[in-house]
There are 2 protein chains.
Amino acid sequence: MELLEQKILNEGRVLSESVIKVDSFLNHQIDPVLMQQIGEEFSDRFANKGVTKIITLESSGIAPAQMTGLSLGVPAIFARKRKSLTLIDHLYSASVHSFTKNETNEISVSKDYISSDDTVLILDDFLANGQAVLGLMDIVEQAGASLAGVGIVIEKGFQDGGKILREQGIRVESLASIESLVDGKVTFTKEEASV
Amino acid sequence: MELLEQKILNEGRVLSESVIKVDSFLNHQIDPVLMQQIGEEFSDRFANKGVTKIITLESSGIAPAQMTGLSLGVPAIFARKRKSLTLIDHLYSASVHSFTKNETNEISVSKDYISSDDTVLILDDFLANGQAVLGLMDIVEQAGASLAGVGIVIEKGFQDGGKILREQGIRVESLASIESLVDGKVTFTKEEASV
């Protein structure tokens, strides 16, 4: 997605060979027009897949999920990272380790909002080692729902999450895929056909 | 906002005289079309106030903030509840106690995204005792920015947050204001003119 790649080049800050900060438009401040375009792009890529629900993980996945839900005409669910006092049982749960934050979170989705009748599109802001997506897939499987695929705003192509998922035959659509962050420079992977 | 009140009546689950759960469309699953209408309503109510930035708090404020930002044509920022490894300094911070979750969070916003040139609209999903909004106002003040007002999706009119804010002369616009949750029944406050 050309516009997203331009935004990453213009505003992304490479902090190391594995970390890029895109807080100006995705992870802290949100560019609402870009989010709308991201939603339309995911909607195009997963059109006619019978998606009935979108699932993401709080917090950075919420704006893209909201916009994709609006485009596809389906609800978006954000998995919670901690159990709150008003969301304590009747849950599908999975453990997700974040290497960036060096912590493991229990993520959970209420059984009220996903069932075996659903076809689920998983969305997330970043794909690195794939831990968050695998946790969300675990929840989709617990619910007996079908998986339409995985939509990622920015894939770190030099980490193995994308490979792990694609080897399982899962359709992964990344709107921007970073091949390398070496020497503070962002290099994108050429877009490939998905499974 | 009639449509929101209907949604609360139809789908809200009253858990006690002070807690209502609206996880089916706002706090866990999101109704994207309702969020769009909420964004348009906030946009109408704060039109011509010179808003340059929207600030909310992760996670439930993000979808309304995204849609209001899209309508007003301005970026939306979500304050972080914990410091992450990629967002560690150069911050405005404030402490916010959540009585629902019985915990105190440090909330923070990067100094990169709010300045004395900004006119800020604070948005949140619920207004109860006002702690979250007061924390966000603290950050707006630290930045030397102007406050356009406060937009709330659901105000608990029986708690004192709204009163505290309005007594300070702050414009508070609540799209639904609950007067009482007694006997498991939701009663709305009649809409009043704001300051």
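Residues numbered from 1 in each chain as written. Chains lettered and ligands numbered in written order. Predicted model: local features only at pLDDT ≥ 70, side-chain atom pairs only at ≥ 80, totals over all residues. Heavy atoms only, no water.

### Looking at the relation of the copies chain A and chain B
- Once chain A has been moved 0.0 Å along the axis and rotated by 180°, it coincides with chain B to within an RMSD of 0.0 Å. The relationship between the two copies is best expressed as a two-fold rotation axis.
- Comparing interface residues between copies, 100% of those in chain A also sit at the interface in chain B, which points to an isologous, same-surface contact. (Least-squares fit on C-alpha atoms with pLDDT ≥ 70 in both. Contact = heavy atoms within 4.5 Å.)

### Quick notes on the pairing of strand S9 (residues 146-156) of chain B
Residues and elements named next belong to chain B.
- In terms of burial, S9 is largely enclosed, as 9 of its 11 residues are buried.
- Across 8 bridges, the pairing between strand S8 (residues 119-127) and S9 is parallel. Across the sheet, the residue bridging to Phe 126 is Ile 154, located in S9.
- For the segment spanning S8, helix H4 (residues 131-142) and S9, crossover handedness is right-handed.
- Read as a crossover between parallel neighbours, the route from S9 over helix H5 (residues 161-167) to strand S10 (residues 172-180) is right-handed. (Buried < 20%, exposed > 50% of the residue type's maximum accessible area, 1.4 Å probe, protein only. Helix = DSSP H or I, 4+ residues; strand = E, 2+ residues; numbered from the N terminus. Pairing = 2+ DSSP bridges. Right-handed = clockwise from strand over helix to strand, strands pointing away.)

### Some details on the nonpolar core
- In this structure, A:Leu4, A:Ile8, A:Ile38, B:Leu4, B:Ile8 and B:Ile38 are the most contacted members of the largest nonpolar core, which totals 68 residues.
- Look past the residues within four positions of A:Leu4 in its chain and what remains in contact with it is A:Phe25, A:Leu34, A:Ile38, A:Val153, A:Leu175 and A:Ala176. (Core = buried A, V, L, I, M, F, W, Y, C linked by side-chain atoms within 4.5 Å.)

### Let's talk about the UniProt feature "binding site: 5-phospho-alpha-D-ribose 1-diphosphate" (unreviewed entry) in chain A
Residues and elements named next belong to chain A.
- The residues that UniProt annotates with the feature "binding site: 5-phospho-alpha-D-ribose 1-diphosphate" (unreviewed entry) are Ala 128, Asn 129, Gly 130, Gln 131 and Ala 132.
- Along the chain, Asn 129 turns up in the loop between strand S8 (119-127) and helix H4 (131-142).
- Residue Asn 129 is classed as buried on the basis of its relative accessible area, which comes to 16%.
- Non-local contacts of Asn 129, meaning those with residues more than four positions away in its chain, are made with Phe 99, Gln 159, Asp 160, Gly 161 and Ile 164.
- Only 3.1 Å separates the side chain of Asn 129 from the backbone nitrogen of Gln 131, close enough to count as a polar contact.
- Tracing the sequence through the fold places Ala 132 in helix H4.
- The buried category is assigned to Ala 132, whose relative accessible area is 17%.
- Excluding its chain neighbours within four sequence positions, the residues that come into contact with Ala 132 are Leu 57, Val 96 and Asp 124. (UniProt positions renumbered as here; feature names shortened; annotations may be inferred. Polar contact = N/O pair within 3.5 Å; in protein donor to acceptor, adjacent residues only side chain to side chain.)

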